[in-house]
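Coordinates in review
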Amino acid sequence: MTLLLQQYPTKSAASSDALFAKIVNDLANDGYSIQANALPLGLTDILHTHVVNLPQYKFNLARVGRESNQQLNAQIRNDKTLWIYGDSPAGQEWLKWTQALQLYLNRHLLMGLFSFESHFSHYAKGNYYKKHVDAFKGQANRVLSLVTYLNPQWQDTQGGELVIYNQPGNPEGIKVLPKYGTLVLFLSEEFEHEVKPAQRDRYSIAGWFRVNTSTREQVDPPL
Ligand SMILES: O=C(O)CCC(=O)C(=O)O
Ligand SMILES: [Fe+2]
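The paragraphs below set out a description of the structure included in this document. Keep in mind it's a predicted model, so treat the numbers as computed, not measured.

**Some words on the sheet that holds strand β11 (residues 202-210)**
In spatial order, the strands read β1-β9-β6-β11-β4-β3-β2; together these seven strands make up an open sheet with antiparallel pairing. Every interior strand has two partners, whereas the edge strands, β1 (32-35) and β2 (60-61), have only one. As paired strands, strand β6 (residues 142-149) and strand β9 (residues 183-187) are joined by five bridges and run antiparallel to one another. Bridge pairing in β9 links Thr-148 to Leu-183. Most of the contacts of helix α2 (residues 17-30) go to β1, to which it runs at about 145°, and overall it touches β1 and β9.

**Examining the pairing of strand β3 (residues 80-83)**
Looking at chain direction, β2 and β3 are connected through two bridges and run antiparallel. In the strand pairing of β3, Asn-60 is matched with Thr-81. One ladder, built from four bridges, connects β3 with strand β4 (residues 115-123); its direction is antiparallel. Each residue of the ladder has a partner; that of Lys-80, found in β4, is His-122.

**With respect to the site of ligand 1**
Residues in contact with ligand 1, as listed here, are Ser-121, Tyr-129, Asp-134, Val-147, Leu-162, His-193, Val-195, Ser-204 and Ala-206. Of all the secondary structure elements, the ones that give two or more residues to the shell around ligand 1 are β10 (192-195) and β11. Grouping the amino acids of the shell around ligand 1 by side-chain chemistry returns five nonpolar, three polar and one charged.

**Quick look at unusual backbone geometry**
Positioned with a positive phi, Asn-37 is a non-glycine residue whose angle comes to about 45°. Position of Asn-37 among the secondary structure elements: in the loop between β1 and α3 (41-53). Accessibility expressed as a C-beta count within 10 Å gives 13 for Asn-37, which makes it partly exposed. One non-glycine residue, Leu-110, lies in positive phi territory at about 45°. You can see Leu-110 is positioned in the loop between α5 (89-109) and β4. Among the residues examined, Leu-110 registers 8 C-beta atoms within 10 Å and is labelled exposed.

**Notes on the pairing of β10**
With burial as the criterion, only one face of β10 is covered, namely that bearing His-193 and Val-195; the residues Glu-192 and Glu-194 on the opposite face remain uncovered. Note that strand β5 (residues 129-132) and β10 share two bridges and pair antiparallel. Counterpart to Tyr-129 in the pairing with β10 is Val-195.

**A closer look at the environment of Asp-134**
Here Asp-134 shows up in the loop between β5 and β6. Along the backbone, Asp-134 and Lys-96 are 38 residues apart, and their C-alpha atoms lie at a distance of 23 Å. Other than its neighbours up to four places away in sequence, Asp-134 contacts Arg-142, Ser-145, Ser-188 and Trp-208.

Parameters at a glance
Residues numbered from 1 in each chain as written. Chains lettered and ligands numbered in written order. Predicted model: local features only at pLDDT ≥ 70, side-chain atom pairs only at ≥ 80, totals over all residues. Pairing = 2+ DSSP bridges. Helix = DSSP H or I, 4+ residues; strand = E, 2+ residues; numbered from the N terminus. Contact = placed C-beta atoms within 7 Å. Axes fitted to C-alpha atoms, helices over the stretch in contact; angles between N-to-C directions. Near = placed C-beta within 6 Å. Nonpolar A, V, L, I, M, F, W, Y, C, P; charged D, E, K, R; others polar. Buried ≥ 20, exposed ≤ 12 C-beta atoms within 10 Å, placed from the backbone.

Below you can see the structure in the form of structure tokens.
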């Protein structure tokens, strides 16, 4: 008999299982999950080193939807972004980890997550992203939003909070400081949220798990 060693779960994926289980529980109960010190430290470190060493010119002014009017855009958000592909060791490690998360979510919540896209964001001092949703009901195929933060020693007084408006009865929303290794997930269509201006450079990764809405006429996500 030949025994094939399974690729999954790997040791590192297995060590995230306790975290993934908490996320599944939160998502099922509340539709969002906020986890401090969630990312494996080695992964946070490699991503942080990578992002702070990227040359500024590689980042692009973020766009809002299909809007091409840059002035209007800048009133809504003025961070800069850079899409993450597997063309760097940091990018590869990140995509491996989010892949393990995607698999876990599909197994335990049957979400049918089909693909994942993500970008680094750099909010320079004073930058913001006004209140928005990441996907519109019935339109988009972004179903689950993910954000993680790459800012060592973030102080409570330095602003830059993500505010999640979780229910009408709580107009203040839930504030999340962009601390090193904190991970946030929420259902993309359900929660308005915003990024408050920060007192210092703020680095993060924003990502979205998508379902496949391909039809015979249209391949989506685009190849
Ligand atoms: O950086 C954050 O805290 C959230 C970013 C965000 O909402 C987005 O990029 O859509
Ligand atoms: Fe967002």
